Amino acid sequence: MTDNAGATVTLNPGIYYLDGGDLSLNGGATLTGTGVTLVFTSHNRNDYATASINGNGTLNLTAPQSGPTAGIVMFGDRNMPVGTSFKLNGSSSQYLGGAVYVPSGAIQYAGEAATSTTCTQLIGNTVTFTGNSSVSVNCSSYKTKPFSALIVRLTS
């Protein structure tokens, strides 16, 4: 799914499967939705779905409060190859209410990327912060499970 040049897409509540290809937002495009989980997978293809949010793309998604994906706004298939790219970069505006759970993914959170929600958890094989990027992890009003010192490991 590619949105460019000011396009606006609003998702209804539900689980959306991206089967291969790329979720790409650029040039002022906007993707919004409440009660939404995006699942990145490759059921019928060799390539796994990836994400690339750049160039003033606006991502405004909130995870469901109940159901099988409660608290998860983005989910990476567990069979996804290590290092699958998830780029949340540039001058993009992001509201990711819930967990970005891509355990094999390489999450790049860079440039002016920031979130205006109190709850954005980034779970990946690698998570790289550069530039003026920032997140908040106060998830008391979401169904996202809190991090534990036994789970989080920071490396340099």
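Residues numbered from 1 in each chain as written. Predicted model: local features only at pLDDT ≥ 70, side-chain atom pairs only at ≥ 80, totals over all residues. Heavy atoms only, no water.

Asks: Which residues make up the overall build of the protein, and what values go with them?
Replies: Looking only at helices and strands, the protein has 0 helices and 13 strands in total. Listing every helix and strand of the protein by position from the N terminus yields β-β-β-β-β-β-β-β-β-β-β-β-β. Taking the intrachain contacts of the protein between residues at least 6 apart in sequence as the baseline, contacts between residues at least 24 apart amount to 48%. Accessible area of the protein: about 7,700 Å², with a carbon and sulfur share of 51%. (Helix = DSSP H or I, 4+ residues; strand = E, 2+ residues; numbered from the N terminus. Contact = heavy atoms within 4.5 Å. Areas by Shrake-Rupley, 256 points an atom, 1.4 Å probe, with all protein chains shown as cover.)

Asks: Help me get a handle on the side chain of Thr50, residues and values and all.
Replies: Mapping Thr50 onto the fold places it in strand E7 (residues 50–53). Judged by its relative accessible area of 18%, Thr50 falls in the buried class. Sequence-distant contacts of Thr50, defined by excluding residues within four places in its chain, comprise Gly21, Asp22, Leu23, Phe40, Thr84, Ser85 and Phe86. (Buried < 20%, exposed > 50% of the residue type's maximum accessible area, 1.4 Å probe, protein only.)

Asks: Break down the nonpolar core for me, citing the residues and quoting the values.
Replies: By size, the foremost hydrophobic cluster in this structure holds 27 residues, and its most contacted members are Leu23, Leu31, Leu38, Phe40, Leu61, Leu96 and Val100. Those elements giving two or more residues to this core turn out to be strand E4 (22–25), strand E6 (36–41), E7, strand E8 (58–62), strand E9 (72–76), strand E10 (84–88) and strand E11 (93–109). Counting residues per element, this core draws most heavily on E11, at 5 residues. Phe40 has contacts with Leu18, Leu23, Ala49, Thr50, Ala51, Met74, Phe75, Gly76, Asp77, Met80 and Phe86, leaving out every residue within four places of it along the chain. (Core = buried A, V, L, I, M, F, W, Y, C linked by side-chain atoms within 4.5 Å.)

Asks: Before we move on, can you summarise a nonpolar patch on the surface with the specific residues and values?
Replies: Together, Val127, Phe129, Val135 and Val137 give the surface a local cluster of nonpolar side chains, amounting to about 290 Å² of exposed area. With respect to the helices, strands and loops of the structure, Val127 is situated in strand E13 (residues 120–129). With relative accessibility at 30%, the residue Val127 sits in the partly exposed group. (Patch = residues over 30% accessible without salt bridge, like charges linked within 9 Å, V, L, I, M, F, W, Y side chains within 5 Å. Salt bridge = Lys/Arg side-chain N within 4 Å of Asp/Glu carboxyl O.)

Asks: Hey, could you go over the packing of aromatic side chains for me, with residue numbers and the actual values?
Replies: Considering all chains together, one arrives at 3 aromatic pairs under this definition. Here the aromatic rings of Phe75 and Tyr101 are separated by 5.5 Å at their centres, their planes lie at 25°, and the arrangement is stacked. Placement of Phe75 in strand E9 and of Tyr101 in strand E11 is noted, with a sequence separation of 26 residues between them. Aromatic side chains Tyr109 and Phe129 sit 5.8 Å apart centroid to centroid with 70° between the ring planes, which places their arrangement in the edge-to-face category. In this pair, Tyr109 is assigned in strand E11 and Phe129 in strand E13, connecting sequence segments 20 residues apart. Under the relative-accessibility criterion, Tyr109 is labelled buried at 0%. (Phe/Tyr/Trp six-rings, centres within 6.5 Å; stacked < 30°, edge-to-face > 60°.)

Asks: I'd like to hear about the environment of Gly28, residue by residue, with values.
Replies: The residue Gly28 is located in the loop between E4 and strand E5 (30–34) in this model. Counting along the chain gives 20 residues from Gly28 to Thr8, while the straight-line C-alpha distance between them is 8.9 Å.

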